Amino acid sequence: MLYNIRGTLTVSDVNFIVIESGGVGFKCFTTLNTVKNIGETGKQVNVYTYLSVKEDAMDLYGFSTLAELDAFKLLITVSGIGPKAAVSILSEFTPDKLAICIASGDAKAITRAQGVGKKTAERVVLELKDKMGSIAVDTNIAQAVSGVQSINESSQSAEAVEALVALGYSQSDAAIAIGKMDKSLSVDEMIRQGLKQLARNL
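One structure accompanies this document, and this report is about it. (Residues numbered from 1 in each chain as written. Predicted model: local features only at pLDDT ≥ 70, side-chain atom pairs only at ≥ 80, totals over all residues. Heavy atoms only, no water.)

For the rest of this paragraph, the subject is the pairing of strand E5 (residues 58-63). Of the strand pairs in this sheet, strand E4 (residues 44-53) and E5 are connected by six bridges, and their pairing is antiparallel. Bridging from a neighbouring strand, Tyr50 pairs with Tyr61 of E5. Hairpin connection of E4 to E5: four residues between the antiparallel strands. (Pairing = 2+ DSSP bridges. Helix = DSSP H or I, 4+ residues; strand = E, 2+ residues; numbered from the N terminus.)

Looking now at the environment of Glu159. Assignment of secondary structure puts Glu159 in helix H8 (residues 155-166). Residue classification places Glu159 among the partly exposed positions, given a relative accessible area of 47%. For the pair Glu159 and Ile191, spaced 32 residues apart in sequence, the C-alpha separation works out to 9.1 Å. (Buried < 20%, exposed > 50% of the residue type's maximum accessible area, 1.4 Å probe, protein only.)

Of note, Ser88 is situated in helix H3 (residues 83-92). Residues contacting Ser88, with those up to four places away along its chain left out, are Ala113 and Gln114. (Contact = heavy atoms within 4.5 Å.)

Another point: the packing of H8 against helix H9 (residues 171-179). At a minimum axis distance of 9 Å, the contact between H8 and H9 shows a crossing angle of 140°. When the axes of H8 and H9 are compared, the pair comes out oblique. Here H8 runs over H9; the crossing is right-handed. Of H9, the residues touching H8 (which contributes Ser157, Ala160, Val161, Leu164 and Val165) are Gln171, Ala174, Ala175 and Ile178. The residue inventory of the contact of H8 with H9, partitioned by class, reads seven nonpolar, two polar and no charged. (Axes fitted to C-alpha atoms, helices over the stretch in contact; angles between N-to-C directions. Parallel < 35°, antiparallel > 145°, perpendicular 65-115°, else oblique. Left-handed = near helix turned anticlockwise from the far one by under 90°. Nonpolar A, V, L, I, M, F, W, Y, C, P; charged D, E, K, R; others polar.)

Our focus in this paragraph is the environment of Gly194. Its location among the elements puts Gly194 in helix H10 (residues 187-201). Put simply, Gly194 and Ala160 are 34 residues apart on the chain and 8.4 Å apart in space, counted from C-alpha to C-alpha. The residues contacting Gly194, other than those within four sequence positions of it, are Leu164, Ala177 and Met181.

Moving on, we come to the packing of helix H2 (residues 66-75) against H3. The interhelical angle for the contact between H2 and H3, taken along N-to-C directions, is 135°, at an axis separation of 9 Å. Classified by the interaxial angle, the pair formed by H2 and H3 is oblique. Note that H2 runs across H3; the crossing there is right-handed. Along the contact surface, H2 presents Glu68, Ala71, Phe72 and Leu75, while H3 presents Pro83, Ala86, Val87, Ile89 and Leu90. Looking at side-chain class alone, the contact of H2 with H3 contains eight nonpolar, no polar and one charged residues.

Turning next to the nonpolar core. What tends to happen in soluble globular proteins is that the nonpolar side chains get buried as a cluster. With 27 residues, the main nonpolar core has Leu75, Ile89, Leu98, Ile110 and Val124 as its most contacted residues. Of all the elements in the fold, those that place two or more residues in this core are E5, H2, H3, helix H4 (95-103), helix H5 (107-110) and helix H6 (118-128). Aside from chain neighbours lying at most four places away, what touches Ile89 is Leu75, Ile81, Leu98, Ile110, Ala113, Val116 and Val124. Core analysis: the next-biggest nonpolar cluster, separate from the first, contains 11 residues, Leu164, Met181, Val187 and Ile191 among them. (Core = buried A, V, L, I, M, F, W, Y, C linked by side-chain atoms within 4.5 Å.)

Let's shift gears to the packing of aromatic side chains. For the coordinates displayed, the defined rule picks out five aromatic pairs. Judged by centre distance (4.9 Å) and plane angle (45°), the ring pair of Phe63 and Phe72 falls under tilted. Ring pairs connect the aromatic residues Phe29, Tyr50, Tyr61, Phe63 and Phe72, which therefore count as one cluster. A cation over an aromatic ring shows up here: Lys27 above the ring of Phe16, its NZ or CZ 4.5 Å from the ring centre. (Phe/Tyr/Trp six-rings, centres within 6.5 Å; stacked < 30°, edge-to-face > 60°. Lys NZ or Arg CZ within 6 Å of the ring centre and 35° of its normal.)

Here is the structure:
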């Protein structure tokens with residue numbers, strides 16, 4: 001129904017914004033990432049929208065990028081994830097970072113989002129594992145997602161990731177580091193190179 005709204009940003013709150021267009025103020029629930037990126041009140045802005053229709057309410061959701069809207073639409077296809085939970089997840093993660101978490105099976109990281117428990121996070125990973133790569137905007141991130149997904153095909157890579165996780169690194173960070181490596185390397189060499197790369201990222 002509504003693809004996007006372009007107009008003047010008149011209100012910017014923690015979880016919603018108001019855009020005045022054609023004399024009408026559109027209240028759009030949104031993520032912290034969009035609130036941070038959309039700019040100051042009084043400026044001309046554009047948001048991509050999703051209209052949630054329920055028996056007792058019609059809520060409009062707005063996002064500063066198409067990638068965030070696409071991630072939102074994917075998240076609400078997961079059983080148990082409604083628009084509010086999807087907004088909570090996308091307030092914690094950009095689409096690129098969420099794609100990495102899902103590709104690497106890092107459900108624990110997703111539980112950092114307010115109101116998202118372990119079982120819900122695991123469903124997000126399970127149901128979206130093969131879909132999130134398509135919304136990665138950054139080319140390097142898209143390549144990383146592809147590399148992370150290929151880890152499952154290499155027992156050595158998987159073993160190296162497990163070792164890095166045991167050393168205290170997150171599943172997603174470890175998977176990104178190992179996913180970029182030649183799969184013919186030994187486990188020990190993958191771990192050694194992974195530790196160097198992760199140390200540089202600190």
